[in-house]
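Overview (structure and organization)
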Amino acid sequence: MRPTIAWEEDVIVMIDQRRLPREEIYLRCRDHLEVAAAIRDMAIRGAPAIGIAAAMAVALGMKRHAGQDVGGRERAYAAIHDVLAETRPTAVNLFWALERMRRRFAETRSAPKDALDDTLRREALAIEAEDLDACRRMGELGAALVPERARILTHCNAGGLATAGHGTALGVVRSAARLGKVRMVFADETRPFLQGARLTAWELLRDGIPTTVITDGMAGHFMARGEIDLVVVGADRIAMNGDVANKIGTYSLAVLAREHGLPFFVVAPTSTFDPETPNGSGIPIEERPQDEVLRFAGTSIAPEGALARHPAFDVTPHRLVTAVICERGVARPPFAASLSALLRKEGA
Ligand code: MRU
């Protein structure tokens, strides 16, 4: 499989995740506006992948303006930044990546054209490479916490498709599978976009990892029957007290895991930690169009006149989280202390 996203001779190429698993089609984005549309319309999704796409889009967008004077470059930069910042509000990796790019631009805004182009491109590629390293490291750290013959429940897609590769939650699954520890992965289908049924199952089966798709409402049933050993999910934003925003339905799973005495692990790189947000009440939750709930594959599934809500994420309170696994270590309660310590650690 080609990487989730790649910079190829001034075109950003990404697999169109809306078409999976039936078709493996690659989108070729020629400017930042096309990348912004791909993020907004979910052709590329998942917190780290959104950040990488935005960073590449900044670098690509600025290539057309690097020939201008400093004032022209600054105006162009602000416009490109704003278009990307408005694509999706919850995944903090988007804003983290944009901030890294902004700092690089500030340092090189008066540099010769080629130097500016090169600096921005290299920063975007560094964000991508660091994410892949982080996923591999989280995989190792998390796999050590997975018991033998584990039956793992996961939600949404926190895999290679949602990152530079390997994945966060699925990175743990992959690394544990390589150690021979995984008996079965239960993938929540994840209504309404079906990231679990379409993407997680696709990725895991390609790696030969046994996968069972269940509908979102079935998790409690399998937990009560003793068929699940642990829950592993990704995150879109982690507040400094350990509250976790992730795909809608994650909170219910955490409550169920607590009821059944199961570990609930959150796997996310430090780029998903939000030092500006003390607790989950400050996390913006994206509301997507009603039609994404009321229609399925182009057909109405509810009577005319029915309303719908579509919060794309929910917040799991920190008290339900067993541990947060990031590339710098494993944070356990009290999270206010352990997450800050990891952020301060080498590499921050
Ligand atoms: O709406 P999506 O598909 O972008 O939501 C993705 C998730 O909620 C993932 O679980 C999260 O981004 C972690 S990805 C490594």
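Since the model is a prediction, treat every value here as computed from it, not as a measurement.

1. Structural notes on the domain arrangement of the protein chain
- Along its sequence, the protein chain is organised into domain 1 (5–136) and domain 2 (137–347).
- Here the C-alpha centroids of domain 1 and domain 2 sit 25 Å apart.
- Each partner contributes residues to the interface: domain 1 has 29 residues there, and domain 2 has 38 residues.
- Roughly 2,600 Å² is buried in total at the junction of domain 1 and domain 2, and carbon and sulfur atoms are behind 56% of that figure.
- The interface formed by domain 1 and domain 2 contains two salt bridges.

2. Observations regarding the packing of helix 2 (residues 47–63) against helix 5 (residues 113–143)
- Between helix 2 and helix 5, the shortest axis-to-axis distance is 9 Å and the interhelical angle comes to 170°. For the element pair helix 2 / helix 5, the angle class is roughly antiparallel. Residues Pro48, Ile52, Ala55, Met56, Ala59, Met62 and Lys63 of helix 2 lie in contact with helix 5, whose contacting residues are Lys113, Leu116, Asp117, Leu120, Arg121, Ala124, Leu125, Ile127, Glu128 and Asp131.
- Residues of the contact of helix 2 with helix 5, tallied by class, amount to 11 nonpolar, no polar and six charged.

3. Side note on the pattern of salt bridges
- Applying the stated rule across the entire model yields 25 salt bridges.
- Among the ionic pairs, Lys63 bridges to Asp10, the shortest N-O distance being 3.7 Å. Here the residue Lys63 occupies a position in helix 2, and Asp10 occupies one in the loop between strand 1 (5–8) and strand 2 (11–15), the gap between them amounting to 53 residues.
- On the accessibility criterion, Asp10 (34% relative accessible area) is partly exposed.

4. Let's talk about helix 9 (residues 250–259)
- Those residues of helix 9 that sit buried are Thr250, Leu253, Ala254 and Ala257. An end-on view of helix 9 places all buried positions within 100° of arc, on one side of the element.
- A positive backbone phi angle near 65° is found at Gly261, which sits one or two residues after helix 9.

5. Observations concerning the site of the ligand
- The full set close to the ligand counts 19 residues, and Arg45, Arg88, Asp236, Asn246 and Lys247 are the nearest of them.
- Note that an oxygen atom of the ligand is positioned 3.0 Å from one of the backbone N or O atoms of Gly46.
- Between the ligand and Asn246 there is a distance of 2.7 Å, counted from an oxygen atom to a side-chain nitrogen or oxygen.
- Relative to its free-state accessible area of 410 Å², the ligand is covered by the protein chains to the extent of 100%.
- The set of elements that each furnish at least two residues to the shell around the ligand consists of helix 2 and strand 9 (244–247).
- Tallied by class, residues from the shell around the ligand come to eight nonpolar, seven polar and four charged.
- Each of two domains, domain 1 (5–136) and domain 2 (137–347), supplies a minimum of three residues to the shell around the ligand.

6. Section: the sheet that holds strand 1
- Reading across the sheet, the three strands line up as 1-2-3 and stay open at both edges, with antiparallel pairing between neighbours. On the outer flanks of this sheet lie strand 1 and strand 3 (26–29), each paired with one strand and no other. When the angles between neighbouring strand axes are averaged without regard to direction, this sheet yields 25°.
- Across four bridges, strand 1 lies against strand 2 in antiparallel orientation. Pairing of Ile5 across the sheet is with Met14, part of strand 2.
- Those strands touched by helix 2 are strand 1, strand 2 and strand 3, and its axis lies near 20° from that of strand 1.

7. With respect to the nonpolar core
- By size, the foremost hydrophobic cluster in this structure holds 40 residues, and its most contacted members are Ile12 and Met101.
- Broken down by secondary-structure element, the contributors of at least two residues to this core are strand 1, strand 2, helix 1 (32–40), helix 2, helix 3 (70–85), helix 4 (92–108) and helix 5.
- In terms of residue count, the dominant contributor to this core is helix 2 (13 residues).
- Setting aside residues up to four positions removed in sequence, Ile12 forms contacts with Ile5, Ala6, Trp7, Leu27, Arg28, Cys29, Val35, Met56, Ala57 and Leu60.
- Within the second largest apolar cluster, 30 residues are counted, among which are Ala257, Leu262, Val266 and Ala268.

8. Quick look at the packing of helix 1 against helix 2
- Packing of helix 1 against helix 2 brings their axes to within 8 Å, and their N-to-C directions diverge by 165°. Considering the angle they form, helix 1 stands roughly antiparallel to helix 2. The two elements helix 1 and helix 2 cross, and the hand of that crossing is left-handed. Touching His32, Val35 and Ile39 of helix 1 are Ile50, Ala53, Ala54, Ala57 and Gly61, all from helix 2.

9. A word on the sheet that holds strand 8 (residues 237–238)
- Pairing is antiparallel across the open sheet formed by three strands, whose spatial order is 8-9-13. A single partner strand is all that each edge strand has here, and the edge strands are strand 8 and strand 13 (313–316).
- Direction of pairing for strand 9 relative to strand 13: antiparallel, over a ladder of four bridges. Along strand 13, the bridge assignment pairs Ala245 with Val315.

10. Details of helix 1
- All buried positions along helix 1 are accounted for by His32, Val35, Ala36, Ala38 and Ile39. Axial view of helix 1: buried residues confined to an arc of 160°, hence all on one face.
- The elements touched by buried residues of helix 1 are strand 2, strand 3, helix 2 and helix 3.
- Positive phi appears at Met42, one or two residues downstream of helix 1, with a value of about 75°.

Cut-offs applied
- Residues numbered from 1 in each chain as written.
- Predicted model: local features only at pLDDT ≥ 70, side-chain atom pairs only at ≥ 80, totals over all residues.
- Heavy atoms only, no water.
- Domains from an automatic or database assignment.
- Contact = heavy atoms within 4.5 Å.
- Buried area = accessible area lost by both parts, 1.4 Å probe.
- Salt bridge = Lys/Arg side-chain N within 4 Å of Asp/Glu carboxyl O.
- Axes fitted to C-alpha atoms, helices over the stretch in contact; angles between N-to-C directions.
- Helix = DSSP H or I, 4+ residues; strand = E, 2+ residues; numbered from the N terminus.
- Parallel < 35°, antiparallel > 145°, perpendicular 65-115°, else oblique.
- Nonpolar A, V, L, I, M, F, W, Y, C, P; charged D, E, K, R; others polar.
- Buried < 20%, exposed > 50% of the residue type's maximum accessible area, 1.4 Å probe, protein only.
- Arc of directions from axis to C-beta.
- Near = heavy atom within 4 Å.
- Polar contact = N/O pair within 3.5 Å; in protein donor to acceptor, adjacent residues only side chain to side chain.
- Areas by Shrake-Rupley, 256 points an atom, 1.4 Å probe, with all protein chains shown as cover.
- Pairing = 2+ DSSP bridges.
- Core = buried A, V, L, I, M, F, W, Y, C linked by side-chain atoms within 4.5 Å.
- Left-handed = near helix turned anticlockwise from the far one by under 90°.

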